[in-house]
Amino acid sequence: MKEILNFINGEYVSTGNWFDKFTPYDGRLIARVAEAGRAEVDAAVRAAREALHGPWSKLAVADRSELLYAVADEINRRFDDFVEAEITDMGQPEHFVRHVDVPRGAANFKVFADVVKNVPNEFFEMATPDGRGALNYSLRRPVGVVAVICPWNLPFLLMTWKLGPAMACGNTVVVKPSEETPQAAALLGEVMNKVGIPKGVFNVVQGFGPDAAGEFLTTHPQVAAITFTGETRTGAAIMKAAADGARPVSLEMGGKNAAIVFADCDMDEAIAGTIRSTFANCGQVCLGTERIYVERPAFEEFVTRLKNAVEKMKPGAPTDPESGMGPLISQEHRNKVLSYYQKAVEEGATVVTGGGIPEMPDALKGGSWVQPTIWTGLPDTAAVVRDEIFGPCCHIAPFDTEEEVIRRANDNPYGLACAIWTSKLQRAHRVAAAIEAGIVWVNSWFLRDLRTPFGGAKQSGIGREGGVHSLEFYTELKNVCIKL
Ligand code: NAD
């Protein structure tokens, strides 16, 4: 049986406690994972703290960046190993992992290596009463040991999105991957050792959240900052933990993202974009669309065309080239999604397509499969229109005016992303400006330039990362004032 271990101070560390890892697509037991207890978490944080002042801190920015380039190159050399880790952990179709997850994982190290090399520091000359004057300049310094708490939905991409900037800024890190997806983080330890990242700079502790590795890490007094991606209520618990010690948090949390489809849009593009935004990764993308508002004259056409496209999507195993969609991450998550499928019917939805469990071949019957599902006919107050479901499903509602749809799209506690489909330039700018979300796409979805700010409004997040914005979280900015 494969064993997935912790990675502490450059060494793989086992523990007496194991938990099982099953694949989401056939329910096969593929590994046992060594769960970190308080002692291992403490050892990882101490190693990270020690490394903060070791050779890592002596490296010039350009040399640190070179090392991060080497990390990215080594990930690319081990590309197939990372693909294997991701598909067996998460069950996404292999082509998605090959084209999005793993390449982005490598890019996250290069982009931030470039960012830190190219950020100018501030400099101000000032007058003083004695006429001699003074110079002010700023220095960026690492914040210290950063705890990186990761979700399961795009494990490698989302973990490296935090590791890249944290390490580029000279911090040391302790990563707690999701208990559902432990493999890529463990594999990354081999990469770090191979390219010569000093011991203790990168550490991994495996395990669960509350009263386990996650909580032991976020409450550890030597953790200087916490960066988190996951559900809003977990983020709130982490924020409370961070309040002891007044430590900064960067929180990327849940969403209930709207798409707004105007009748003047390019309908082919809107359908293709919505197929991706609602059903990619089996709907387990924080930026995914679960509420769609379509201008009334286009409503029937949109619903019919989306239904036809969805019914062509065939769920299948990750390595099946015909597979249009993978499974949900676990049986537990499937129970949650199916409870919403049931709730939709109870609340009076019209089920346009799906709503249940697909018929799968015998070899895949143990997986966490659900049908891609579309509903219409519910008010905006219905649970499936308000709550984040995180499954391959959406509700479609008609609207009549621009003002109305802006109000309805904004009437939700979350504010992560929105996709607007229109061919009218002024309307696109007007609506984009009025939507309460961290990211608005016009005639596209998931187009990401890693130099741009990323994060959520309202209950979807606190803080922005990406490009120079990441530096605000991962560095302390110090002003030096020199009297002349
Ligand atoms: P989750 O909140 O259940 O878990 C995330 C991580 O937090 C896991 O590693 C978990 O073990 C850990 N954790 C749980 N409780 C903890 C605690 N008390 N203390 C410390 N750590 C704790 O989220 P998930 O189910 O893994 O991921 C899905 C969620 O993530 C969805 O809500 C999705 O919208 C969100 N998400 C947001 C973004 C974004 O960028 N905004 C990106 C991806 C996913």
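Residues numbered from 1 in each chain as written. Predicted model: local features only at pLDDT ≥ 70, side-chain atom pairs only at ≥ 80, totals over all residues. Heavy atoms only, no water.

**Observations regarding the domain arrangement of the protein**
Each assigned domain of the protein is listed with its residue range as follows: domain 1 (2-253 + 460-483) and domain 2 (257-449). Relative placement of domain 1 and domain 2: their C-alpha centres are 31 Å apart. Each side of the interface is counted separately: domain 1 has 25 residues, and domain 2 has 27 residues. Overall, the association of domain 1 and domain 2 removes approximately 2100 Å² of surface from exposure, summing both partners, and the carbon and sulfur fraction of that is 61%. Along the contact surface separating domain 1 from domain 2 lie 0 salt bridges. (Domains from an automatic or database assignment. Contact = heavy atoms within 4.5 Å. Buried area = accessible area lost by both parts, 1.4 Å probe. Salt bridge = Lys/Arg side-chain N within 4 Å of Asp/Glu carboxyl O.)

**Remarks on a nonpolar patch on the surface**
Together, Phe 123, Tyr 137, Ile 482 and Leu 484 give the surface a local cluster of nonpolar side chains, amounting to about 360 Å² of exposed area. For Ile 482, the position within the fold is in strand β23 (residues 475-483). On the basis of relative accessible area, Ile 482 is assigned to the partly exposed category, the value being 36%. (Patch = residues over 30% accessible without salt bridge, like charges linked within 9 Å, V, L, I, M, F, W, Y side chains within 5 Å. Areas by Shrake-Rupley, 256 points an atom, 1.4 Å probe, with all protein chains shown as cover. Helix = DSSP H or I, 4+ residues; strand = E, 2+ residues; numbered from the N terminus. Buried < 20%, exposed > 50% of the residue type's maximum accessible area, 1.4 Å probe, protein only.)

**Comments concerning the nonpolar core**
Counting 66 residues, the largest nonpolar core has Ile 75, Phe 109, Leu 163, Met 167, Leu 188 and Leu 287 as its most contacted members. Taken domain by domain, the makeup of this core includes at least three residues from each of domain 1 (2-253 + 460-483) and domain 2 (257-449). With residues near it in sequence (within four places) discarded, Leu 287 still touches Asn 257, Leu 416, Ala 417, Ile 439, Trp 441, Trp 445, Phe 446 and Phe 454. Grouped together as the second largest cluster of nonpolar side chains are 54 residues, Cys 265, Met 313, Met 325 and Leu 378 included. (Core = buried A, V, L, I, M, F, W, Y, C linked by side-chain atoms within 4.5 Å.)

**Quick look at the packing of helix α3 (residues 61-77) against helix α6 (residues 155-168)**
Geometrically, a packed helix pair is captured by the angle between its two axes and the distance between the axes. Between α3 and α6, the least distance of the axes is 10 Å, while the angle of their chain directions is 160 degrees. Between α3 and α6, the crossing angle belongs to the class labelled roughly antiparallel. Helix-helix and strand crossings are classified by hand; for α3 and α6 the assignment is right-handed. Of the residues in α6, those in contact with Arg 64, Leu 68 and Ile 75 of α3 are Phe 156, Gly 164, Met 167 and Ala 168. Within the contact of α3 with α6, the residues separate by chemical class into 5 nonpolar, 1 polar and 1 charged. (Axes fitted to C-alpha atoms, helices over the stretch in contact; angles between N-to-C directions. Parallel < 35°, antiparallel > 145°, perpendicular 65-115°, else oblique. Left-handed = near helix turned anticlockwise from the far one by under 90°. Nonpolar A, V, L, I, M, F, W, Y, C, P; charged D, E, K, R; others polar.)

**Looking at helix α14 (residues 402-410)**
With respect to burial, α14 is a largely interior element, 7 of its 9 residues being buried. For α14, the set of buried residues is Glu 402, Glu 404, Val 405, Ile 406, Arg 408, Ala 409 and Asn 410. Of the surrounding elements, those touching the buried residues of α14 are β13 (257-261), β14 (289-295), β17 (393-399), α15 (425-434) and β21 (457-458).

**Here we look at the sheet that holds β23**
The 3 strands lie next to each other as β6-β7-β23, forming an open sheet whose pairing is antiparallel. Pairing within the sheet leaves two strands with one partner each, and these edge strands are β6 (123-126) and β23. For this sheet the average axis-to-axis angle between neighbouring strands, irrespective of direction, equals 25 degrees. The sheet contact formed by β6 and strand β7 (residues 134-142) spans 4 bridges and is antiparallel. Of the residues in β7, the one forming a bridge with Phe 124 is Asn 136. (Pairing = 2+ DSSP bridges.)

**Considering the pairing of strand β12 (residues 249-252)**
Judged by which residues are buried, β12 turns out to be covered on both faces: Val 249 and Leu 251 on one side and Ser 250 and Glu 252 on the other are all buried. Relative to β12, strand β11 (residues 225-229) runs parallel, the two sharing 4 bridges. Among the inter-strand pairings, Thr 227 is bridged to a residue of β12, identified as Ser 250. Traced from β11 through helix α9 (residues 232-243) to β12, the parallel crossover comes out right-handed. (Right-handed = clockwise from strand over helix to strand, strands pointing away.)

**Topic: the pattern of salt bridges**
Summed over the entire model, instances satisfying the criterion amount to 32 salt bridges. Residues Asp 26 and Arg 28 are paired through a salt bridge, measuring 2.9 Å at the closest nitrogen-oxygen approach. Given a relative accessible area of 19%, Asp 26 falls into the buried group. Residue Arg 28 is classed as partly exposed on the basis of its relative accessible area, which comes to 41%. Of the charged contacts in the structure, one is a salt bridge between Glu 402 and Arg 427, with a shortest N-O distance of 3.2 Å. Taken as a pair, Glu 402 in helix α14 and Arg 427 in helix α15 lie far apart in primary sequence, 25 residues in all. For Glu 402, a relative accessible area of 12% puts it in the buried group.

**Let's talk about α3**
The end-to-end C-alpha separation of α3 is 24 Å, in line with the 24 Å expected for 17 residues at 1.5 Å each. All buried positions along α3 are accounted for by Arg 64, Ser 65, Leu 67, Leu 68, Val 71, Ala 72, Glu 74 and Ile 75. Taken together, the buried residues of α3 touch α2 (55-58), α4 (79-90), α5 (94-117), α6 and α7 (183-195). (Expected span 1.5 Å × (residues − 1).)

**With respect to the sheet that holds strand β4 (residues 18-22)**
The mixed open sheet is built from 3 strands, whose spatial order is β1-β5-β4. The two strands at the open ends of the sheet, each matched to only one other strand, are β1 (2-4) and β4. Between one strand and the next, the sheet's axes are offset by a mean angle of 35 degrees, whatever the strand orientation. Examined bridge by bridge, β4 and strand β5 (residues 29-34) share 5 bridges and lie antiparallel to one another. What sits directly across from Trp 18, in β5, is Ala 34.

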